[in-house]
Amino acid sequence: MTWFTKWAFKNKAAIILLIFMSIGIGIMSYAKMPMELLPEADNPQITITAIGPGYNAKSMEQQVTSPLEDSLQFVKGKTEMLSTSGDGYSQINLFYDSKMDLKEAKQEAQEAISAVQLPEGVMKPYVLLLNTSMIPVAQITVAFDDGLTDENMKLAETTIVNELKKIKGVAGVSLYGKTSPNVMIVPNQEKLTELGIPAQTLFGVLQGQNISASIGEQTIDNLSGNIQVTSQVNDLATLENLPVVPGVLLKDVAAVQVDSSQESVSRMNGKEILALDITKESTANQVAVGKALEERIAELNEEIPNVDIDVILNLADTIQSSVQHMMQEVLLGALFATIVILLFLRNFKATLITIVSIPLSLGITLYLLDLSGITLNIITLGGVAVAVGRLVDDSIVVIENIFRRMQKESFSIQMVIDATKEVAGAITSSTITTVAVFLPMGLLRGSLQAFLLPFALTISYSLLASLLVALTVVPILSFWLLKNSKMKEHEGPKRFNAFLKWNLNHKWVPIVLAVVLFVGSIGAYIAMPKGALDASDASYVTANLQYPSDTPVETVLEKGGQLEQFLMEQEEAEFVIMSNGNSAEAAQWGSVTSPTLVSYTIVVKKGTDAENLIEHIEAQKSEYEGADLSVATMSLMSGSSTSIYVDFLGGTEEERAAAAQAAMEKIQDVEGVLKVSSNMEETKPVFSFEVDPALANAQEVASQLQMMMNPIPIGQMTLNDNTSQVYVDALIQPKTQQDLNRLQISTAEGVKPISEVAELVMREEASSLYHQSGKNYVRVTAQVDPEKVSVVGADITKVTNDIELPGDVEMKVGGASADQSQDFIDLFVTMLISIGIVYLIMVITFKTLRAPIAILISLPLAFIGAVVGLIVTGITPDFTAAFGALMLIGIVVTNAIVLIDKVKQNEEHMTIRDSIVEAASVRMRPILMTAIATICAMMPLLFSKTEEGSIVSQSLATVVIGGLASATVLTLVIVPVFYEMLYFRKSKKQRKAAAQGAASSM
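The protein chain is annotated in an unreviewed UniProt entry as Efflux RND transporter permease subunit from Marinicrinis lubricantis.

Structure, rendered in structure tokens:
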């Protein structure tokens, strides 16, 4: 590594040029790099959704879900298949191994379901693979003063959408909520009976009307041309005057009307709305796109009368806030590190030389990130915030060694080169060790790797850049700026030397103390509850009003409107968005809900108390008898799950239900469980006709009832330049069971009441049906305290294991605690691999197996401080805390490497004991400087609000600060003690020989 330093002195002009180039390309890369919220990552799950208006849960299960599941049984790479069938919808979730190519998996799933024949009226299934790049940069609502008329919807679809598409960087604009009016033919039963016309005749009224047929080519009037026959029904008057039978027009036996009823309801502040989702191009800057959108929307509100366009969500604001927050942490960290160096060295020029490494390293880092195709997001910015304290470490060790030798030797280029050479091996191996800790992240699972890899690359690039700066720029600047400096010789820490010698003479005391502290910290960590990632953004509040599945939709919407009005009156609410029902547009994104659920999203005004709003909403529960009203804050990145589930498979339906009921009774008594529910709780009355096969054909009966009791599509027509479906309305609408029994059907023996060929049976059935790998199952779900996920999960497993399962029923516990355990296991494996890599690098560096073992002793010492830090701050350890522990492996061994490297140098001309004492005395100052600089640089992260979606949290900062603090203090004592133990015989012989030599000289 001395080559770099010598080259730098031979090419001083080039170094100056490279300094300015590094800063310049860093600024250019920062301006050029796409700025977004999160790195691109696939969710290892594919969702298939089908909508079937009018079909109940059982019909959707048998006719839609089961055939789709059969076609997906042999799809490659899937680990689990779960499905839900409800009234009017079916949804299948395929979960994949993290190593699977999800783009290929989606294509295979699409091909598998394309061959399935679905019943009439069921829409083509949507196949969805979610990716972070699909997160809209903005969500916009459009409302009109005179409502959603045809003209207004056309205005939104053409003018507004097209204007937004013109904005630079916008990739797509999706419009939701538009209605396509249907034409409904309502039969007049009295007229049809009077004229003796069967109602089924109306089904053929459009047959042969909307056509464009080519007859062929003929020569007419000496001109060769094609002959066509065309006919088009393009208004209601034409449709009304179509013949049903000779002499009878459609208007004589039926009413023709436009039906504008919506399959779903979306309103904002009481007005019907259209919703727009804006996505950006992959290379576009999210902040620039978001700002341009806001400007253009403000102009459109001025240009278009009677329109109100509002931006509900703009990620530009979130990203800008995150960038500013993280940059503030970086600057504060750099400031604190500067103060620490200045206090230790008490020399402004030396401090300035050290601090230069921060902007230079960051400039090089940004350039390398740009070359690697990594965007500027809260993950990479978090990496910069964490690394900023470590960026000066190598420069501190170099400048401190130059500074120390200046106090004893004459100043020259060779002295600077020799001082740099003395520590070059130590800082190189320590930096490579830290970088190597992050290499095993390539072994982590899919989306976890996608999130952690940019973070790891950011830290790795910045540390390698700081090493290069420490070996080249720092020596040259030291030579220029410190040339004429006069300094007093630094006195070694005499009290510390005496303390260290006492510990070396009484090794069992520090060793026993360290072991006791380590064992105690392990016990404390195991006893600590492990939490889920926080999602505490209070800019949004969500509320759900859930009625039983047998509640009429009209009642649900009436009560939903009542709550909507209440929410609009709250002073904390800026926007209130209400939604109900399922739509094809929502199904494309895998969103299907119960028709008896009304959902609200409340955008909270800035500066108001979201918790106060939540209290007001919860106080309204008594106003909605029979309904479940739930409310919570919402995060853009919705945090990690805090639900634990228990699944019961196999056996009969009754056995599964009994086992689930027993589990619910036990789980609800577990401390930390907030709510327990089952997917079989919701039931709905089902009226079944059990047909006698000897009296009628069940298939024919079902077909006749289908035609009588549901609108039947008979064709299409053009209405207001749009294609509209034409339906014949339900012929009958029974209100009672007696009405059902009186229905007349055709049989082989003639027309009969259905009660003569079938028995009407009413039973309660589940309103939603669930499959796991194609088989029915019951799921019990427990919502738990986010700060006690691991403890509650263990308690739930314990109490459910005591349940005596009936018959062939099997039980499986999963959810948040299982997912969390897997994440912790993955990181633990990564830690072991990282430790192995660290040990290998140190063996290569020191060319011995024993010295690196002494260095690794610093790792358990760091664990002691990390646990103490979590206990003192009261912060619950989560996944980011475990990630902080992974980072500690690379950071903590740095100090031990610097110490042992000096010991090895001293051993060339000293005894082991004297080498240890002298090395600890000399390296104590740079070790304390680097550790305190890193700790102070991370302090802003400890006391600041965690940015949403970032892995840089208070939990991570606590672990790193606590671990580094304890490891630094104990490294100066325990590592020397343990090192001498590894060379105990040799050291003992050296001390005995020295004692004999001293005695003989006397």
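Having seen the model, we can carry on.
Colleague: Explain the overall build of the protein chain to me, please; I cannot follow it from the model alone.
Modeller: Tallying secondary structure elements over the protein chain gives 32 helices and 31 strands in all. Contacts in the protein chain between residues far apart in sequence, at least 24 positions, make up 80% of those at least 6 positions apart.

Colleague: Would you take a moment to explain empty space enclosed by the protein for this structure?
Modeller: A probe as big as a water molecule, rolled over the atoms, marks out the empty space that is left. Overall, the coordinates contain four cavities of 30 Å³ or more when judged by the stated rule. Taken as a whole, the largest cavity encloses approximately 70 Å³ of empty space. Every residue lining the largest cavity is listed: Val386, Ala387, Arg390, Thr434, Phe438, Ile459, Leu463, Met887 and Ile891. When contributions to the lining of the largest cavity are tallied by element, the ones reaching two or more residues are helix H13 (378-391), helix H16 (446-481) and helix H29 (879-906). Class assignment for the residues of the lining of the largest cavity results in seven nonpolar, one polar and one charged.

Colleague: Where do I start with the sheet that holds strand S6 (residues 170-176) in this structure?
Modeller: Within a sheet, neighbouring strands are paired by backbone hydrogen bonds and run either parallel or antiparallel to one another. Read from one edge of the open sheet, four strands run S6-S15-S5-S16, paired in antiparallel fashion. Edge positions in the sheet fall to S6 and strand S16 (307-314), since each of these pairs with one other strand and no more. Adjacent strand axes in the sheet meet at a mean angle of 20°, parallel and antiparallel pairs treated alike. With five bridges joining them, strand S5 (residues 138-144) and strand S15 (residues 274-280) adopt antiparallel strand pairing. When the sheet's bridge partners are listed, valine 142 is paired in S15 with leucine 274. Along the sheet, helix H9 (residues 286-303) contacts S5, S6, S15 and S16; its crossing angle with S16, the most-contacted strand, is approximately 165°.

Colleague: What is the right way to read the pattern of salt bridges from this model?
Modeller: Oppositely charged side chains can form a pair if their charged atoms are brought close together. Scanning the entire structure with this criterion turns up 24 salt bridges. One salt bridge connects arginine 405 with glutamate 422, and the closest N-O pair in it is separated by 2.9 Å. Here glutamate 422 lies in helix H15 (residues 413-437) and arginine 405 lies in helix H14 (residues 393-406), a separation of 17 residues in the sequence. Each of the two residues, arginine 405 as well as glutamate 422, counts as buried. A salt bridge links lysine 675 to aspartate 628; the nearest nitrogen and oxygen atoms lie 3.2 Å apart.

Colleague: Looking at this model, I keep getting lost on the side chain of serine 83. Mind explaining?
Modeller: Along the chain, serine 83 falls in strand S2 (residues 78-86). A relative accessible area of 1% means that serine 83 is categorised as buried. Side chain to side chain, serine 83 and glutamate 69 meet in a polar contact 2.6 Å long. In this view, serine 83 contacts Thr65, Glu69, Gln91, Ile92, Leu769, Tyr770 and His771; residues no more than four positions away in its chain are not counted.

Colleague: Can you help me understand helix H12 (residues 357-371) in this one?
Modeller: Because the α-helix completes a turn every 3.6 residues, residues three or four places apart line up on one side. Compared with an ideal rise of 1.5 Å per residue, which puts 15 residues at 21 Å, H12 spans 21 Å between its outermost C-alpha atoms and is within 8% of the ideal. Of all 15 residues that make up H12, eleven are buried, and the element is covered over most of its length. Restricting attention to buried positions, one finds in H12 the residues Ser357, Ile358, Leu360, Ser361, Leu362, Gly363, Ile364, Thr365, Leu366, Leu369 and Asp370. A positive backbone phi angle near 75° is found at glycine 373, which sits one or two residues after H12.

Colleague: Any chance you could explain the nonpolar core here in plain terms?
Modeller: Side chains that are nonpolar tend, in soluble globular proteins, to be buried together. Counting residues in each nonpolar core, the largest one holds 140 residues, and the members touching the most others are Met887 and Tyr979. In contact with methionine 887, other than residues within four places in its own chain, are Val386, Phe438, Phe455, Ile459, Leu956 and Val960. Membership of the second largest hydrophobic core comes to 36 residues, among which are Val244, Met708, Val728 and Leu743.

Colleague: When you look at the sheet that holds strand S25 (residues 722-728) in this model, what are you seeing that I'm missing?
Modeller: One open sheet holds the four strands; their spatial order is S12-S7-S25-S24, and the pairing between them is mixed. Of all the strands in the sheet, just strand S12 (254-259) and strand S24 (712-719) have a single pairing partner and so form its edges. Here the average twist between neighbouring strands, direction ignored, is 25°. Sheet topology note: the S24/S25 ladder contains seven bridges and is antiparallel. In the strand pairing of S25, isoleucine 712 is matched with valine 728.

Colleague: Is there a simple way to explain helix H3 (residues 57-72) in this structure?
Modeller: By the largest-angle criterion, threonine 65 marks the main kink of H3, which is about 35°, and a proline, proline 67, follows within four residues. For H3, the set of buried residues is Ala57, Ser59, Met60, Glu61, Val64, Thr65, Leu68, Glu69 and Leu72.

Colleague: In this structure, what is going on with the environment of lysine 421? I would like to understand it.
Modeller: Residue placement: lysine 421 occurs in helix H15. Note: C-alpha distance between lysine 421 and threonine 2 (419 residues apart in sequence) is 5.6 Å.

Colleague: Before we go on, may I ask you to explain a negative patch on the surface in this structure?
Modeller: On the surface, a cluster of negative charge is contributed by Asp609, Glu611, Glu615 and Glu618. Structurally, aspartate 609 can be placed in the loop between strand S19 (597-604) and helix H21 (610-618). With relative accessibility at 43%, the residue aspartate 609 sits in the partly exposed group.

Colleague: Which parts of the structure should I look at to understand the packing of aromatic side chains?
Modeller: Aromatic rings considered in pairs are described by the distance between their centres and by the relative angle of their planes. Applying the stated criterion to the full structure yields six aromatic pairs. Measuring from ring centre to ring centre gives 6.0 Å for phenylalanine 9 and phenylalanine 479, while their planes differ by 80°; the resulting arrangement is edge-to-face. Remark: phenylalanine 479 occurs in helix H16 and phenylalanine 9 occurs in helix H1 (residues 2-10); sequence separation between them is 470 residues. Residue phenylalanine 9 is classed as buried on the basis of its relative accessible area, which comes to 8%. Three or more aromatic residues joined by ring pairs form one cluster here, namely Phe9, Phe411 and Phe479. Sitting over the ring of tyrosine 645, arginine 779 keeps its end group 3.7 Å from the ring centre.

Colleague: Looking at this structure, I do not really get unusual backbone geometry. What am I missing?
Modeller: One can expect most non-glycine residues to show negative phi and most peptide bonds to be in trans. If you check the backbone angles, aspartate 221 has positive phi at about 50° while not being a glycine. Structurally, aspartate 221 can be placed in the loop between strand S8 (211-220) and strand S9 (223-231). Under the relative-accessibility criterion, aspartate 221 is labelled exposed at 70%.

Colleague: How should I be thinking about a nonpolar patch on the surface in this particular structure?
Modeller: Nonpolar side chains collect at one region of the surface, where Ile16, Phe20, Leu342, Phe348, Leu352, Trp480 and Leu481 lie side by side and expose about 660 Å² of accessible area between them. Mapped onto the nonpolar patch, the elements with two or more residues apiece are helix H2 (12-32), helix H11 (348-355) and H16. Along the chain, the position of tryptophan 480 falls in helix H16. Overall, tryptophan 480 belongs to the partly exposed group, its relative accessible area being 34%.

Colleague: Looking at this structure, how should I read the packing of helix H28 (residues 858-873) against helix H31 (residues 954-982)?
Modeller: Packing of H28 against H31 brings their axes to within 6 Å, and their N-to-C directions diverge by 135°. Taken together, the axes of H28 and H31 lie oblique to each other. When the axes of H28 and H31 are compared, the crossing they make is right-handed. On H31, the residues touching Ser858, Leu861, Ala862, Ile864, Gly865, Ala866, Gly869, Leu870 and Thr873 of H28 are Ser955, Thr958, Val959, Gly962, Gly963, Ser966, Ala967, Leu970, Thr971, Ile974 and Val975. When the residues that make up the contact of H28 with H31 are grouped by side-chain class, the tally is ten nonpolar, ten polar and no charged.

Colleague: Just to check I follow, could you spell out the environment of isoleucine 297 for this structure?
Modeller: With respect to the helices and strands, the residue isoleucine 297 is situated in helix H9. Assessed through its relative accessible area of 3%, isoleucine 297 is described here as buried. Counting along the chain gives 137 residues from isoleucine 297 to isoleucine 160, while the straight-line C-alpha distance between them is 8.9 Å. In contact with isoleucine 297, not counting residues within four places along its chain, are Ile140, Leu164, Ile309 and Val311.

Colleague: How do you make sense of the packing of H14 against H15 when you look at a structure like this?
Modeller: When two helices pack together, their arrangement is given by the angle between the helix axes and by the axis-to-axis distance. At their nearest, the axes of H14 and H15 sit 9 Å apart, and the two run at 150° to each other. Comparing their axes, H15 and H14 come out roughly antiparallel. Both H14 and H15 take part in a crossing whose hand is right-handed. Residues Asp394, Val397, Val398, Asn401, Ile402, Arg404, Arg405 and Met406 of H14 form the contact with H15, whose participating residues are Met415, Val416, Asp418, Ala419, Thr420, Glu422, Val423, Ile427, Ser430 and Thr431. The class makeup of the residues in the contact of H14 with H15 is nine nonpolar, four polar and five charged.

The rules we used
- Residue numbers restart at each chain and count upward from 1, following the sequence in its written direction.
- Local features in this predicted model are restricted to residues whose pLDDT is 70 or higher, and side-chain atom pairs enter the listing and the counts only when it is 80 or higher, whereas totals over whole chains, interfaces and linings include all residues.
- Remark: hydrogens and water are excluded; side-chain values derive from all non-hydrogen atoms of the structure.
- Secondary structure is summarised from DSSP: a helix means a run of H or I of at least four residues, a strand means a run of E of at least two, and numbering begins at the N terminus for each.
- Contacts are assigned to residue pairs with any non-hydrogen atoms lying within 4.5 Å of each other.
- A cavity here means a set of points on a 1 Å grid, drawn over the protein atoms and nothing else, where a 1.4 Å probe fits but cannot get out; a pocket is an open set with protein on both sides within 12 Å along at least five of seven lines, and a residue lines either one if it has an atom within 4 Å of a point.
- Grid points are joined across faces, edges and corners, and a volume is the space filled by probe spheres set on the points.
- Nonpolar residues are Ala, Val, Leu, Ile, Met, Phe, Trp, Tyr, Cys and Pro. Charged residues are Asp, Glu, Lys and Arg, and all others, Gly as well, are polar.
- In this description, strands pair whenever DSSP reports at least two bridges between them.
- To define axes, lines are fitted to C-alpha atoms, for helices over the stretch in contact only, and angles between the resulting N-to-C directions are given on a 0 to 180 degree scale.
- Salt bridge, as applied in this entry: a Lys or Arg side-chain nitrogen positioned within 4 Å of an Asp or Glu carboxyl oxygen.
- The rule is simple: take the accessible area with a 1.4 Å probe, protein chains only, and divide by the maximum for that residue type; under 20% is buried, over 50% is exposed, in between is partly exposed.
- Here a polar contact is taken to be a pair of N or O atoms separated by no more than 3.5 Å, where protein atoms must pair a possible hydrogen donor with a possible acceptor and residues adjacent in sequence count only if both atoms sit in side chains.
- Helices are assigned an expected span. That span is 1.5 Å times one less than the residue count.
- Side-chain atoms within 4.5 Å are what join buried Ala, Val, Leu, Ile, Met, Phe, Trp, Tyr and Cys residues into a set we call a nonpolar core.
- Note that the bend at a residue is defined as the angle between axes fitted to the seven residues ending at it and the seven residues starting at it.
- Each patch is built from residues lacking any salt bridge and having more than 30% relative accessible area; the joining distance is 9 Å for like charges and 5 Å for nonpolar side chains (Val, Leu, Ile, Met, Phe, Trp, Tyr).
- Here the accessible surface of atoms and residues is derived via Shrake-Rupley with a 1.4 Å probe, and residues count as covered only by protein chains that are part of the display.
- When charges are counted, Lys and Arg are positive and Asp and Glu negative, with His and the chain ends excluded.
- To locate a charge, take atom NZ for lysine, CZ for arginine, CG for aspartate or CD for glutamate.
- Pairing of aromatic rings covers Phe, Tyr and Trp, the last counted by its six-membered ring, and requires centre-to-centre distances within 6.5 Å; plane angles under 30 degrees mean stacked, over 60 mean edge-to-face, and any other angle means tilted.
- As a reminder, the over-ring test applies to NZ of lysine and CZ of arginine, requiring each to be within 6 Å of the ring centre and within 35 degrees of the ring normal.
- Orientation is classified from the angle alone, with under 35 degrees giving roughly parallel, over 145 giving roughly antiparallel, 65 to 115 giving roughly perpendicular, and any other angle giving oblique.
- Each crossing is labelled by how the near helix is turned from the far one, with a counterclockwise turn of less than a right angle marking it left-handed and a clockwise turn marking it right-handed.

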